[in-house]
Amino acid sequence: MSDYRSGDPAKLMEAIPYCRHLGITTSVENGALLLTMPFAQRLIGNPALPALHGGVIGSLLETAAIAQVIYEIRGERLPKPVDITVDYLRSGRAVDSYARARIARQGKRVVNVHAEMWQEDEAKPVAALRGHFLL
Amino acid sequence: MSDAPEWLKHAKKHMNLTPYLAGIGGEIVDIGTPARARVPYSEKLIGDPETGVVHGGVITGLLDHTSGLAVMVKLREPMPIATLDLRIDYMRPAKPHQDIIAECECVRVTHEVAFVRGTAHQGDAKDPIALCTGAFMIIRGGVHGIPVTP
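Because the structure is a prediction, the values reported are computed rather than measured.

What follows concerns the packing of helix 1 (residues 6-16) of chain B against helix 3 (residues 56-74) of chain B. In a packed pair of helices, the relevant descriptors are the angle between the two axes and the axis-to-axis distance. Residues and elements named next belong to chain B. At their nearest, the axes of helix 1 and helix 3 sit 11 Å apart, and the two run at 170° to each other. As far as their axial angle goes, helix 3 and helix 1 are roughly antiparallel. Across from L8, A11 and M15 in helix 1, the residues of helix 3 making contact are H65, L69, M72 and V73. Residues belonging to the contact of helix 1 with helix 3 are distributed by class as follows: 6 nonpolar, 1 polar and no charged.

This is how it looks when you write it as structure tokens:
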């Protein structure tokens, strides 16, 4: 069994090259998983604003969902996305971003996960994701 | 596309230089209908280290970028746009060591909103990796000093 399947999300982020590219790290606060993505120039979609790329925001949210499933369920393989919907609520600014996810429903083969991303204020989400993942 | 208006060619150039797209090694291929962009396979895009399959976020990113481009192709003048929502259906995992191509078409533009459909595939559009549906806000009148990018 690989390290990242031990349920340790920090090892998961280190093992996934794309998460390293985005600079995503994890921590556990009061038993809840928190993802952090420090601002970096390579995350920019619109240099004039500047604003994070919508794809970066979607990537962070999808990663939060996957990490939450690994953390809670510890399956034999990485959960596979079936579908995701991302609502963009605010422009993602050139500052650090955070994300959290929760499993809304767990079936035998599939889970429904909700995730939210914010920057300075958790009460003002930048984007939200709902998605299904195969276990 | 040689018959594209100057501002659209400029927008294409601008969107090719987007740091995120450049960082994943992607490029815009076509500013037509459909709008088309491509990302070659590389190690840093991997989402599953055991299979070498690209992270779903790369596909989301490429489809978001190409969807924005598709909206611009439909607009008659440069206008800032913003993604409202994006739904991605993952049909199958992307095969490692193959390019991913996104093809998006803006199916309808209203005064304030544009609707997009798109496909991501690896050479055969009939065998898609993912399908996307997106809605974009069109900021008519623009925002001073903000060039057209998604």
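Turning next to the nonpolar core. Judged by nonpolar contacts, the single largest core of 78 residues is most densely connected at I57, L60, L61 and A65 of chain A together with I59 of chain B. A total of 10 residues in this core trace back to one element, the largest contributor, which is helix 3 (residues 54-73) of chain A. Excluding residues within four positions of it along the chain, I59 of chain B makes contact with V54, I88, A94, I100, A120, I129 and A130 of chain B.

Running from N to C, helix 3 of chain A and helix 3 of chain B cross one another at 155°; their axes reach a closest spacing of 8 Å. One way to sum up the angle between helix 3 of chain A and helix 3 of chain B is to call them roughly antiparallel. By crossing handedness, the relation of helix 3 of chain A to helix 3 of chain B is classed as right-handed. Between helix 3 of chain A and helix 3 of chain B, the residues in contact are G54, G55, V56, G58, S59, E62 and T63 of chain A and G56, G57, T60, G61, L62, D64 and H65 of chain B, respectively. Residue classes in the contact of helix 3 of chain A with helix 3 of chain B are distributed as 2 nonpolar, 10 polar and 2 charged.

This part takes up the sheet that holds strand 1 (residues 25-29) of chain A. Taken in spatial order, the 12 strands of this open sheet run 1(A)-2(A)-6(A)-7(A)-8(A)-5(A)-5(B)-8(B)-7(B)-6(B)-2(B)-1(B), and their pairing is antiparallel. The strands lining the two open edges of the sheet, one partner per strand, are strand 1 of chain A together with strand 1 (27-31) of chain B. When the angles between neighbouring strand axes are averaged without regard to direction, this sheet yields 25°. Note: strand 5 (residues 80-88) of chain A against strand 8 (residues 127-134) of chain A, 8 bridges, orientation antiparallel. By the bridge assignment, Y88 of chain A is partnered in strand 8 of chain A with A127 of chain A.

What counts as what
Residues numbered from 1 in each chain as written. Chains lettered and ligands numbered in written order. Predicted model: local features only at pLDDT ≥ 70, side-chain atom pairs only at ≥ 80, totals over all residues. Axes fitted to C-alpha atoms, helices over the stretch in contact; angles between N-to-C directions. Helix = DSSP H or I, 4+ residues; strand = E, 2+ residues; numbered from the N terminus. Parallel < 35°, antiparallel > 145°, perpendicular 65-115°, else oblique. Contact = placed C-beta atoms within 7 Å. Nonpolar A, V, L, I, M, F, W, Y, C, P; charged D, E, K, R; others polar. Core = buried A, V, L, I, M, F, W, Y, C linked by C-beta atoms within 7 Å. Buried ≥ 20, exposed ≤ 12 C-beta atoms within 10 Å, placed from the backbone. Left-handed = near helix turned anticlockwise from the far one by under 90°. Pairing = 2+ DSSP bridges.

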